[in-house]
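# Residue-level structural notes
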Amino acid sequence: QKEVEQDPGPLSVPEGAIVSLNCTYSNSAFQYFMWYRQYSRKGPELLMYTYSSGNKEDGRFTAQVDKSSKYISLFIRDSQPSDSATYLCAANRLRGGAQKLVFGQGTRLTINP
Amino acid sequence: EAGVAQSPRYKIIEKRQSVAFWCNPISGHATLYWYQQILGQGPKLLIQFQNNGVVDDSQLPKDRFSAERLKGVDSTLKIQPAKLEDSAVYLCASSFSGNTIYFGEGSWLTVV
């Protein structure tokens, strides 16, 4: 079983739609949760970072963590064609005294004009 | 602030040849990571350095992959000999605190 599971999609929605991206994780030791955005032929770029259960909002993006169900979500409101990218969820935990970041598979998102 | 620099961006080699990738992290970042990202998958950690010491290399195929970080700054990742399944993007990343990790644009390797 992978430590972080993510539906690979692909997901295609019309411009302006609300997008919901989801991940689950298996290890209760994960403390921090991130969402990265990766454009084609580019490195991942940190989008959102959360620690506790609940919601964190940044503009059109909302990250949600539910530690009781080990569920991570990213919502994109008023989606734009420029949001078309692969979205990677990630979880971070201490292992052997060092931070260990584990990624999901990534969801490929296309916003159609 | 300059980002994580990687070179070369693209490399095509034949199987059994060797290749080396270079990374210069963000200034002041003590932690440096090398990730392997196969097409359609999420990045997988190969090796993590804290300054110039290795803290995690549990997923590094040590029979063919090696990495070093001399003087706790730049790092090189070497593959010798390369296999077809090594075709991937090799991402270097760095962090100051460990929670916010910044990635370079990656080195794209194709083994033919």
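Each remark here, short or long, concerns the structure printed above.
Residues numbered from 1 in each chain as written. Chains lettered and ligands numbered in written order. Predicted model: local features only at pLDDT ≥ 70, side-chain atom pairs only at ≥ 80, totals over all residues. Heavy atoms only, no water.

Our focus in this paragraph is the overall build of chain A. Along its length, chain A carries zero helices and eleven strands. Each helix and strand of chain A, ordered N terminal to C terminal, gives the series β-β-β-β-β-β-β-β-β-β-β. Here the C-alpha atoms of chain A give a radius of gyration of 14 Å, agreeing with the 13 Å that 2.2 N^0.38 yields for 113 residues. If one aligns the C-alpha atoms of chain A with their principal axes, the spans along those axes are about 45 × 30 × 25 Å. In chain A, which comprises 113 residues, the proportion classed as buried is 43%. Within chain A, counting contacts between residues at least 6 apart in sequence, those at least 24 apart form 55% of the total. (Helix = DSSP H or I, 4+ residues; strand = E, 2+ residues; numbered from the N terminus. Rg over C-alpha atoms; globule rule 2.2 N^0.38 Å. Buried < 20%, exposed > 50% of the residue type's maximum accessible area, 1.4 Å probe, protein only. Contact = heavy atoms within 4.5 Å.)

Residue and element names in this part refer to chain A. Across the sheet, which stays open at both edges, the five strands sit in the order E1-E3-E8-E7-E6 with antiparallel pairing between neighbours. At either end of the open sheet lies a strand with only one pairing partner, and these are strand E1 (4-6) and strand E6 (54-58). Across the sheet, the mean angle from the axis of one strand to that of its neighbour is 20°, orientation sign disregarded. Examined bridge by bridge, E6 and strand E7 (residues 61-66) share five bridges and lie antiparallel to one another. Residue pairing across strands places Asp58 opposite Phe61, the latter belonging to E7. (Pairing = 2+ DSSP bridges. Axes fitted to C-alpha atoms, helices over the stretch in contact; angles between N-to-C directions.)

This paragraph deals with the nonpolar core. Core analysis: the largest hydrophobic core is formed by 24 residues, its most contacted members being Trp35(A), Leu74(A) and Tyr87(A). Looking at this core, the elements that each hand over two or more residues are strand E3 (19-25), strand E4 (32-38), strand E5 (45-50), E7, strand E8 (71-76), strand E9 (85-95) and strand E11 (107-112) of chain A. Here Leu74(A) is in contact with Val19(A), Ser20(A), Leu21(A), Trp35(A), Leu47(A), Met48(A), Phe61(A), Thr62(A), Ala63(A) and Tyr87(A), once residues within four sequence places are set aside. Of all hydrophobic cores here, the second largest spans 21 residues; its members include Leu46(B), Leu60(B), Leu77(B) and Cys92(B). (Core = buried A, V, L, I, M, F, W, Y, C linked by side-chain atoms within 4.5 Å.)

Bringing the interface of chain B and chain A into the picture now. Opposite the 24 residues of chain B that make contact, chain A presents 20 residues. Inspection of the chain B/chain A interface yields two salt bridges. Across the pair Lys42(A) and Glu105(B) runs a salt bridge whose closest N-O atoms are separated by 3.2 Å. If you look at where chain B meets chain A, you find six residue pairs in polar contact (both at pLDDT 80 or more). At the level of elements, strand E4 (31-37), strand E5 (44-50), strand E6 (53-56) and strand E10 (101-103) of chain B are the ones that each hand at least two residues to the side of chain B that touches chain A. Each residue belonging to the side of chain B that touches chain A can be placed in one class, and the counts come to ten nonpolar, eleven polar and three charged. (Salt bridge = Lys/Arg side-chain N within 4 Å of Asp/Glu carboxyl O. Polar contact = N/O pair within 3.5 Å; in protein donor to acceptor, adjacent residues only side chain to side chain. Nonpolar A, V, L, I, M, F, W, Y, C, P; charged D, E, K, R; others polar.)

Picture the strands of a sheet paired through backbone hydrogen bonds; they go either parallel or antiparallel. Residue and element names in this part refer to chain B. Reading across the sheet, the four strands line up as E1-E3-E8-E7 and stay open at both edges, with antiparallel pairing between neighbours. Both outer strands of the open sheet, strand E1 (5-7) and strand E7 (65-68), are each paired with one neighbouring strand and no more. Pairwise comparison of adjacent strand axes, ignoring direction, gives a mean angle of 15° for this sheet.

Residue and element names in this part refer to chain B. Of note, the amide linkage connecting Ser7 to Pro8 takes the cis form, showing an omega dihedral of -10°. Secondary-structure assignment places Pro8 in the loop between E1 and strand E2 (10-13). Gln80 connects to Pro81 through a cis peptide bond whose omega is -5°. Checked against the element boundaries, Pro81 lands in the loop between strand E8 (75-79) and strand E9 (88-95). The phi angle at Asn51 is positive, at roughly 55°, despite the residue not being glycine. Under the relative-accessibility criterion, Asn51 is labelled partly exposed at 40%.

Pairs of aromatic rings are described using the distance from one ring centre to the other and the angle between the two planes. Applying the stated criterion across every chain yields a total of 13 aromatic pairs over all chains. Summarising the aromatic geometry, the rings of Tyr25(A) and Phe30(A) are spaced 5.9 Å apart at their centres and angled 80° between planes, so their arrangement reads as edge-to-face. In terms of burial, Tyr25(A) and Phe30(A) fall into one category: buried. Between Phe103(A) and Phe103(B), the aromatic rings sit 5.8 Å apart at their centres with planes inclined by 70°, giving edge-to-face as the arrangement. One end of the pair, Phe103(A), is in strand E10 (residues 98-103); the other, Phe103(B), is in strand E10, on a second chain. In this pair, the class of Phe103(A) matches that of Phe103(B), namely buried. Note that Arg41(A) overlies the ring of Trp108(B), its terminal NZ or CZ placed 4.4 Å from the centroid. For the cation-ring pair, Lys67(A) lies above Tyr51(A), with the distance from its terminal atom to the ring centre recorded as 4.7 Å. (Phe/Tyr/Trp six-rings, centres within 6.5 Å; stacked < 30°, edge-to-face > 60°. Lys NZ or Arg CZ within 6 Å of the ring centre and 35° of its normal.)

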